[in-house]
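Take a look at the letters that make up each chain.
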Amino acid sequence: MPEPERQDARGINKREIMNRKIWLDGKIVDESDAKISVFDHGLLYGDGIFEGIRFYNGRVFRLTEHIERLYLSAKALLLKMPWTLEEVCEATLQTIRANGLNDGYIRLVVTRGIGDLGLNPYLCPTPSMFIIVSGITLYPAELYEQGLEVVTCSTRRPTPASLSPQVKSLNYLNNVMAKVEALKAGAKEGLMLNEQGYVAECTGDNVFIVKKGEVITPPVSDGSLDGITRQVIFELCAELGITIREMSMARYDIYTADESFLTGTAAETIPMVKLDEREIGVGKPGPISLKLIEAYRQKVRSEGTLF
Ligand code: PXG
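The rules we used
Residues numbered from 1 in each chain as written. Predicted model: local features only at pLDDT ≥ 70, side-chain atom pairs only at ≥ 80, totals over all residues. Heavy atoms only, no water. Helix = DSSP H or I, 4+ residues; strand = E, 2+ residues; numbered from the N terminus. Buried < 20%, exposed > 50% of the residue type's maximum accessible area, 1.4 Å probe, protein only. Expected span 1.5 Å × (residues − 1). Contact = heavy atoms within 4.5 Å. Pairing = 2+ DSSP bridges. Salt bridge = Lys/Arg side-chain N within 4 Å of Asp/Glu carboxyl O. Near = heavy atom within 4 Å. Polar contact = N/O pair within 3.5 Å; in protein donor to acceptor, adjacent residues only side chain to side chain. Areas by Shrake-Rupley, 256 points an atom, 1.4 Å probe, with all protein chains shown as cover. Nonpolar A, V, L, I, M, F, W, Y, C, P; charged D, E, K, R; others polar. Domains from an automatic or database assignment.

(A) Quick look at unusual backbone geometry. In this model, E268 sits at a positive phi of 60 degrees, which is unusual for a non-glycine residue. Within the secondary structure layout, E268 lies in strand β14 (residues 268–275). Phi is positive for D276, close to 50 degrees, though the residue is something other than glycine. Among the structural elements, D276 can be located in the loop between β14 and β15 (278–279). Assessed through its relative accessible area of 15%, D276 is described here as buried.

Written out as structure tokens, the structure reads:
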């Protein structure tokens, strides 16, 4: 009798796992051979960084910007990258080609590397890097039409004095715990405030509102990542002649906005129609949000580094 198909937690059958190709420290290997030491400080202390990038229709969207941000995170953590920026870009393209996909998601992870049991990163001589190429679905497809219902989490974004929100570190527990709060409250996404109570961002997305025809988003100094999708929204607004500005906001500003939407590489651009039981505008995706969502979809499919 043939062996039944075994599935992993992601619902991917075993054969697919075996076929997935991972870039690990300079080599393309099968997923089953992509192994990291239990003494790696990325695992022991969350000492490392990552990037999440998407590719659409044979092109990687904003590859250089993502890799540049990876290098900024590395610099902030005194993590000396043993590869040049160009080599990391090329390794990313090589991994996509090895997996034979046209559309998907890329995760680059750099860890501090193998060291002792003890925090000291100077005892980890060489960082490790691996690159995964996969599919990703953050929210169900219908939510892009209907919009997301979001709740405010009690978990706050850390202040820059403890860990800068600009560092995409391997310690995402702050966001993970906020996500758990949102899921327990029956929402798919959670809004996070900073220590002062101003809106920072969602667990993996930047926040925008539309009021009186203007697009408004909090400054990144209020505790959000300087999202690459967020930057694209600034470009799209300029192209479409829509006013956009930064303003610190409280939850009140979202409750009373005409429209709202979230942005992120994984989430792309998605309307938010309810926050803490308050309908935003008429409780449906608004016209400016829809225009930007459509423009974003067109941009990601027509620009990017060919692989
Ligand atoms: N805030 C946080 C905390 C993020 O982690 C964003 C905002 C949006 O940034 P970009 O540059 O993507 O527009 C992020 C990005 C994942 C995943 O696997 C998470 C992100 C990106 C890609 C994948 O959950 N977060």
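(B) Spatial organisation of helix α3 (residues 63–76). Taking 1.5 Å per residue as the helical rise, α3 with its 14 residues ought to reach 20 Å, and the 20 Å between its terminal C-alpha atoms agrees with that figure. By the burial criterion, the buried members of α3 are L63, H66, I67, R69, L70, Y71, S73 and A74. Contacts made by the buried residues of α3 are with β3 (48–56), β4 (59–60), α4 (85–99), β5 (104–111), α7 (228–240) and β16 (305–306).

(C) Focus on the environment of L183. You can see L183 is positioned in helix α6 (residues 173–184). Each C-alpha atom of the pair L183 and V150 lies 9.7 Å from the other, and the pair is 33 residues apart in sequence.

(D) Main features of the sheet that holds β5. Spatially, seven strands are ordered β2-β1-β6-β5-β3-β4-β16 in an open sheet, and the strand pairing comes out antiparallel. Of all the strands in the sheet, the pair left with one neighbour each is β2 (27–30) and β16. The pairing of strand β1 (residues 21–24) with strand β6 (residues 128–134) spans two bridges and is classified as antiparallel. In the sheet register, W23 faces β6, and the bridge partner there is I131.

(E) Up close: the pattern of salt bridges. For the structure on display, the rule yields 16 salt bridges. Two residues, R230 and D226, come together in a salt bridge whose shortest N-O distance is 3.9 Å. Residues E303 and K299 are paired through a salt bridge, measuring 3.1 Å at the closest nitrogen-oxygen approach. The buried category is assigned to K299, whose relative accessible area is 7%. When salt bridges with common partners are traced through the structure, they connect R62, E235, E239, K299 and E303 into a single cluster.

(F) Expanded view of helix α9 (residues 287–302). The terminal C-alpha atoms of α9, which comprises 16 residues, lie 23 Å apart, in line with the 22 Å expected from a rise of 1.5 Å per residue. All of the buried residues along α9 are I288, S289, L292, I293, A295, Y296, K299 and V300. Buried residues belonging to α9 abut β3, β10 (206–211), β11 (214–217), α7, β13 (259–264) and β14. Phi turns positive, to about 130 degrees, at G304, one or two residues after α9.

(G) Highlighting the site of the ligand. Neighbouring the ligand are 20 residues; R107, Y172, E201, T229 and T265 lie closest to it. The separation between an oxygen atom of the ligand and a polar side-chain atom of R69 is 2.8 Å. In this structure, an oxygen atom belonging to the ligand sits 2.6 Å away from a side-chain N or O atom of T229. Calculation on the ligand without its partners gives an accessible area of 540 Å², and the protein chains cover 90% of this total. Elements that contribute at least two residues to the shell around the ligand include exactly β5 and α7. Tallied by class, residues from the shell around the ligand come to six nonpolar, nine polar and five charged. Taken together, domain 1 (14–134) and domain 2 (143–300) each give at least three residues to the shell around the ligand, which thus spans both.

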